[in-house]
Amino acid sequence: MAELIVVDDDQGLSGMLMDYLTMSGHAVRVAGSAVELDALFAAAPAELLILDVSLPGEDGFSIARRMRQMADIGIIMLTGAGEMVDRVVGLEIGADDYVTKPFSLAEMSARIEAILRRRRARGANVMPFGAFSLDLKRWALFDTKGEQIQLFPTEIDLVAAFVTNQGKLMSRDELLKLAPGNGSDPIDRSIDKRIERLRRKLEKQGLEADIIQTVRSDGYIYKGPLSRV
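Residues numbered from 1 in each chain as written. Predicted model: local features only at pLDDT ≥ 70, side-chain atom pairs only at ≥ 80, totals over all residues. Heavy atoms only, no water.

Details of the sheet that holds strand S8 (residues 140-142)
Moving on, step 1. As summarised here, the arrangement of the four strands in space is S6-S7-S8-S9, forming an open sheet in which the pairing is antiparallel. Strand pairing shows two members of the sheet lacking a second neighbour, strand S6 (126-129) and strand S9 (148-149), which therefore form its edges.
Moving on, step 2. When S8 meets S9, the two strands line up antiparallel, connected through two bridges. In the sheet register, Phe142 faces S9, and the bridge partner there is Gln148. (Pairing = 2+ DSSP bridges. Helix = DSSP H or I, 4+ residues; strand = E, 2+ residues; numbered from the N terminus.)

If you want it as C-alpha cells, here you go:
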C-alpha cells in the first residue's frame, strides 16, 4: 500500500482514480488545487503525486518543482495537451513519468506500481546483469569499469524486471506490468520493440546479444550473467 494524492480540478476524474486505486490497495486522497494539496500534505505526507498540469492558480509544473524541493516524492504528471513540450518540461523538473489524457485506469495503475517499485528498491543491493551491475538505489546500469550505461528509465525498468526474475519465463503481460512504457496502449506488443532496442544498446556496450532470450509465443527469459564479447 502507498499513500497517494491525486491533484486535479476535474472531480469526476479524481473520484474515478481514487476509487480504482483504493480498490488496488492504496490510500488515496484528492485535491483540486495547490492550496488543497498543501493542506493535505501538511496533514500527512504522500509517497506519490498524480499531478495535473492545468490547475487553477499555481500550475502543475510549478507545484512539481516546489514539491521536489520539499520532499522525496514520486510524481506523475497528467497532461491533456499531448504535446512533446509538456512531456519534456515535466521530466526536466523532476517528474518520474507523464500520462496523457485520456488514459486507461490499468495503464495508470501499472505506471504507479513501476515508480513505487523503483523508489522502494533504492535501499537494495547492487545486482549483476551479465557482466554489468544494476544499481537499484541509483536506478542505473554500470559497465565493468563503473561507467554508467545510458538507458531510459523505462529500459532500466525492463532490466530490473529480468534481474529480479532470473531464470523465470516472463510473459509480455507480466513485463508490461513490471515495466510499463510510454505508449498509449499498455496491452499491445510494443514490449517486443522495446526489448529489441534494449538488446541493441547492450550489445553495443559489450554484452551478448542473447542475454535476454526469446521463447517463441511465450515471452522472454534472463538466465543469468553471461560473458562479455
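Let's pick the thread back up.
Some remarks on unusual backbone geometry
Moving on, step 1. With an omega dihedral of -5°, the bond running from Lys101 to Pro102 counts as a cis peptide bond.
Moving on, step 2. Relative to the helices and strands, Pro102 is located in the loop between strand S5 (97-100) and helix H5 (105-120).
Moving on, step 3. Its identity as a non-glycine residue notwithstanding, Ser217 has a phi of 70°, on the positive side.

Re the environment of Gly25
Moving on, step 1. As for its placement among the helices and strands, Gly25 is situated in the loop between helix H1 (11-23) and strand S2 (27-31).
Moving on, step 2. Between the C-alpha atoms of Gly25 and Met1, which are 24 residues apart in sequence, the distance is 5.5 Å.

Quick word on the side chain of Ser14
Moving on, step 1. The topology assignment puts Ser14 in helix H1.
Moving on, step 2. You can call Ser14 buried: its relative accessible area is 3%.
Moving on, step 3. Not counting residues up to four positions away in its chain, the partners in contact with Ser14 are Val6, Asp8 and Val30. (Buried < 20%, exposed > 50% of the residue type's maximum accessible area, 1.4 Å probe, protein only. Contact = heavy atoms within 4.5 Å.)

Regarding the pattern of salt bridges
Moving on, step 1. The full count for this structure, using the stated rule, is twelve salt bridges.
Moving on, step 2. Of the charged contacts, one joins Arg199 and Glu196 as a salt bridge, the two residues approaching to 3.7 Å between their closest N and O atoms. Within this pair, Arg199 and its partner Glu196 are both found in helix H8 (residues 190-204), separated by three residues, close to a single helical turn.
Moving on, step 3. Accessibility expressed as a relative area gives 14% for Arg199, which makes it buried.
Moving on, step 4. Put simply, Arg200 and Glu196 hold a salt bridge, and the shortest N to O gap is 3.9 Å. On the criterion of helical spacing, the pair formed by Arg200 and Glu196 is a turn pair, its members being four residues apart in helix H8.
Moving on, step 5. On the basis of relative accessibility, which here comes to 43%, the residue Arg200 falls in the partly exposed class.
Moving on, step 6. Judged by its relative accessible area of 35%, Glu196 falls in the partly exposed class.
Moving on, step 7. Each of Asp8, Asp52 and Lys101 takes part in a single network of salt bridges with overlapping partners. (Salt bridge = Lys/Arg side-chain N within 4 Å of Asp/Glu carboxyl O.)

Side note on the nonpolar core
Moving on, step 1. Counting 28 residues, the largest nonpolar core has Phe129, Leu134, Leu141, Val159, Leu175, Ile195 and Ile212 as the members making the most contacts within it.
Moving on, step 2. Looking at this core element by element, the count peaks at seven residues for helix H6 (residues 153-163).
Moving on, step 3. Residues within four places of Phe129 in sequence aside, it is in contact with Leu141, Val159, Val163, Leu202, Leu207, Ile211, Ile212 and Tyr222.
Moving on, step 4. In terms of nonpolar packing, the next biggest core, distinct from the first, is built from 21 residues, Ala34, Leu55, Met67 and Ile75 among them. (Core = buried A, V, L, I, M, F, W, Y, C linked by side-chain atoms within 4.5 Å.)

Focus: H5
Moving on, step 1. Between its first and last C-alpha, H5 extends 22 Å over 16 residues, near the 22 Å set by a 1.5 Å rise per residue.
Moving on, step 2. Taken as a whole, H5 has its buried residues at Glu107, Met108, Ser109, Ala110, Arg111, Ile112, Ala114, Ile115, Leu116, Arg118 and Arg119. (Expected span 1.5 Å × (residues − 1).)

A few points about the sheet that holds strand S3 (residues 48-52)
Moving on, step 1. In space, the five strands of this open sheet follow the order S2-S1-S3-S4-S5, with parallel pairing throughout. Strands at the two margins of the open sheet, each flanked by one partner only, are S2 and S5. Neighbour-to-neighbour, the strand axes of the sheet open up by a mean angle of 20°, direction not taken into account.
Moving on, step 2. Bridging between strand S4 (residues 74-79) and S5 involves four bridges; their strand directions are parallel. Within the sheet, the bridge partner assigned to Leu78 lies in S5 and is Val99.
Moving on, step 3. Sheet strands touched by H5: strand S1 (3-7), S3, S4 and S5. Its angle to S4, the strand with the most contacts, is close to 155°. (Axes fitted to C-alpha atoms, helices over the stretch in contact; angles between N-to-C directions.)

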